[in-house]
Each structure stands twice: as structure tokens, then as C-alpha cells.
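Spelled out, the chains give:
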Amino acid sequence: MNIDTTTRTRTRRPLRLAAVGAAVASGVLLLAGPASAHVSVQPGTAEKGGYSTVSIKVPNEKDNASTVKLELALDPKHPLVSVMPQAVPGWDVKVEKTKLDKPVQMHGKTIDEAVSKVVWTGGKIEPGQFQQFPLSVGQLPTDTDELVFKALQTYSDDDVVRWIDPSKPGGEEPEHPAPVLKLVDKADAKNGKEAKAQAAASDAEGDGSSGGSDTTARTLGIVGIVVGAAGIAFGVFAGRRRPTA
């Protein structure tokens, strides 16, 4: 093997190592990176015909502006006669009601109006943070499998993000999906609670805390980034060296 061939071989090897290191780092970042955050309902399910406490989870998706207003429109096809917001420090809340086309009976009383919109203002959700807005809602309908809450998120730069796009089962998620509360029968709700309790007990037995998997993921992410960076640095350094005859 002549000197030129040896030089090319020695140069290619570190460059390959650098490429592999970069690929490893990129793959770890993709696996460890958080999914796109949306305005959502937490928890995502509730029992049909009952009362439930849910929270509207609002993340700030901007780096240079704060969320300063949230408008939540309730489904007019399935009116809720009881919607009570929990006080959120730093935020003012306003509940708007509209007349029902058909009055309903509840607890021996005739109800002719229902909450149509809830608006939070006066506070701030800074970049990199989220806020939860709790609501006690009921009586949940029994003739549908979901309640759709359309939300408008206003930022301090006057940008308004409209979380109103419908989600189609089995289809691609829209860019700004509307928050959805899934409604299940009583038996299904009981089974779901039991499954969650069993999963929580299993996690506790496994590592004594629910944060074990998150910690492992972060550790693997950091290791992958370090390995990738080291590979790139080694490749660049070795590629610049020239072997002597």
C-alpha cells in the first residue's frame, strides 16, 4: 500500500467515526425530545352522566411572548348547566351564559340557560412554562362519546392561536386540534381507574418513584449527546493530522 492510499484510509476512518457520532447524537435528541405541546383537557376522560373536575392545560409555545388570555368555548350541542372555575392566582375569570333552546330539568329545577364560554385574563404564562385552569363541570351528557372545547390562546404580541381544528379518528392530527374530553360509560370509567391504580402500584414497586423512567431518558440523552460531540471532535482533529512518511 502506498503512502497516498494509507493517508486516505487513515483520514476516512476518523471521519466515519465523526459521522457515526453525529448520527447517534441526533437519534438521541429525536427520541428524548418532547412532543409538540397543545392546549388539552386533563384528565382526558370522564364518566357519562356524572360530574367531573378537569383542567385546561395551556403551554406557552413561544420563546419571545407570554400567553395573556384564554377563551374556552363550550359545545353548544351538549350544554353544561354547571361549570364552576377554580380560582387561579394572578388570573381573572369570567363565565358567560346563553339561553337554552329547550329548558332541562335538574335536581327538581328547570334550567333555561347554560355556560357557553369561560375567559381567563390578567395573568401571564411565560415562555417555557404552562398553566392549568381547573373547572368543575356537569352534568355530563350521556348521548355522546366526547365533548369538544374550542380554545383561543392570545399572546402578548397580539398573536391568537385558535385551537379549534377537529380531530378525525385514525387520521393525521391537525396543526391546532381542539381540546377533547372523552366520555365513557360508568363500567369503562371504573376499569380505567383500576388500570391506572395498578400501573401506579407497579411503578412504585419497580423503582419506588414515578420519575425513574424520566431520569433514565434524560441520562441516556446526555450520554448520547456527549458521545456524539466527542466523535465529531475526534474526527475533525484526526482529519487535520497528516502522517509522516
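Conventions we followed
Residues numbered from 1 in each chain as written. Predicted model: local features only at pLDDT ≥ 70, side-chain atom pairs only at ≥ 80, totals over all residues. Heavy atoms only, no water. Helix = DSSP H or I, 4+ residues; strand = E, 2+ residues; numbered from the N terminus. Buried < 20%, exposed > 50% of the residue type's maximum accessible area, 1.4 Å probe, protein only. Contact = heavy atoms within 4.5 Å. Areas by Shrake-Rupley, 256 points an atom, 1.4 Å probe, with all protein chains shown as cover. Pairing = 2+ DSSP bridges. Axes fitted to C-alpha atoms, helices over the stretch in contact; angles between N-to-C directions. Salt bridge = Lys/Arg side-chain N within 4 Å of Asp/Glu carboxyl O.

J.: How would you explain the overall build of the protein if you had to name every residue and give the values?
T.: When helices and strands are counted, the protein shows three helices and twelve strands. Out of the 245 residues in the protein, the part that is buried amounts to 31%. For the protein, the share of sequence-separated contacts (at least 6 apart) that also reach a separation of at least 24 residues comes to 72%. As displayed, the protein has an accessible area near 15800 Å², and 54% of this comes from carbon and sulfur atoms.

J.: Run through the environment of Glu175, naming residues and quoting values.
T.: Structurally, Glu175 is set in the loop between strand S11 (160–163) and strand S12 (180–184). On the accessibility criterion, Glu175 (63% relative accessible area) is exposed. For the pair formed by Glu175 and His38, sequence separation is 137 residues and the distance between their alpha carbons is 9.3 Å. Excluding residues within four positions of it along the chain, Glu175 makes contact with His38, Trp163 and Asp165.

J.: Which residues make up the sheet that holds strand S9 (residues 146–148), and what values go with them?
T.: The mixed open sheet is built from three strands, whose spatial order is S2-S12-S9. Of all strands in the sheet, those with a lone pairing partner are strand S2 (45–47) and S9, marking the two edges. Going across the sheet, the axis of each strand differs from the next one's by a mean of 30°, ignoring polarity. Inspection of the sheet shows S9 paired to S12 by three bridges, in the antiparallel sense. Paired with Glu146 across the two strands is Lys182, which belongs to S12.

J.: Can you break down the environment of His38 residue by residue, with the values?
T.: Among the structural elements, His38 can be located in the loop between helix H1 (3–32) and strand S1 (40–42). Along the chain, His38 and Lys57 lie 19 residues apart, while their C-alpha atoms are 8.2 Å from each other. In this structure, His38 is in contact with Lys57, Pro59, Glu61, Trp163, Glu173, Glu175 and Pro177, ignoring residues within four places of it in sequence.

J.: How would you sum up the sheet that holds strand S6 (residues 92–106)? Please name residues and give values.
T.: By definition, the strands of a sheet pair up through backbone hydrogen bonds, in either a parallel or an antiparallel sense. Ordered by their spatial adjacency, five strands build an open sheet running S6-S7-S4-S10-S11, and the pairing between neighbours is antiparallel. Of all the strands in the sheet, just S6 and S11 have a single pairing partner and so form its edges. Taking each pair of neighbouring strands and ignoring which way they run, the sheet shows an average axis angle of 15°. Judged from the four bridges that link them, strand S10 (residues 150–155) and S11 form a sheet pairing that is antiparallel. Counted as the bridge partner of Leu152 is Arg162 from S11.

J.: Give me the side chain of Thr144: which residues, what numbers.
T.: Mapping Thr144 onto the fold places it in the loop between strand S8 (130–138) and S9. Those residues within four positions of Thr144 in sequence are excluded, and the remaining contacts are Lys48, His78 and Leu183.

J.: How would you explain the pattern of salt bridges if you had to name every residue and give the values?
T.: Summed over the entire model, instances satisfying the criterion amount to nine salt bridges. Close ionic contact of Lys69 with Glu71 constitutes a salt bridge, the shortest N to O distance being 3.7 Å. With a closest N to O distance of 4.0 Å, Glu113 and Lys97 form a salt bridge. Here Glu113, found in strand S7 (residues 109–125), pairs with Lys97, found in strand S6; they are 16 residues apart in sequence, far enough to count as distant. A relative accessible area of 31% places Glu113 in the partly exposed class. Since its relative accessible area comes to 51%, Lys97 is described here as exposed. Through salt bridges with shared partners, a single network forms among Lys48, Asp145 and Asp185.

J.: Lay out the pairing of strand S3 (residues 52–59) with the relevant residues and their values.
T.: The element S3 is largely enclosed, with a buried count of six among its eight residues. The pairing of S1 with S3 spans three bridges and is classified as antiparallel. Residue Ser40 lies in a different strand from S3, and its bridge partner there is Lys57. Note: S3 against S8, eight bridges, orientation antiparallel. Each residue of the ladder has a partner; that of Ser52, found in S8, is Val137.

J.: Provide a residue-level description of the pairing of S11, including the pertinent values.
T.: A one-sided burial pattern is seen for S11, the buried positions being Val161 and Trp163 and the unburied ones Val160 and Arg162. Where S10 folds back onto S11 in an antiparallel hairpin, the turn is made up of four residues, including Asp158, whose phi is positive at roughly 75°.

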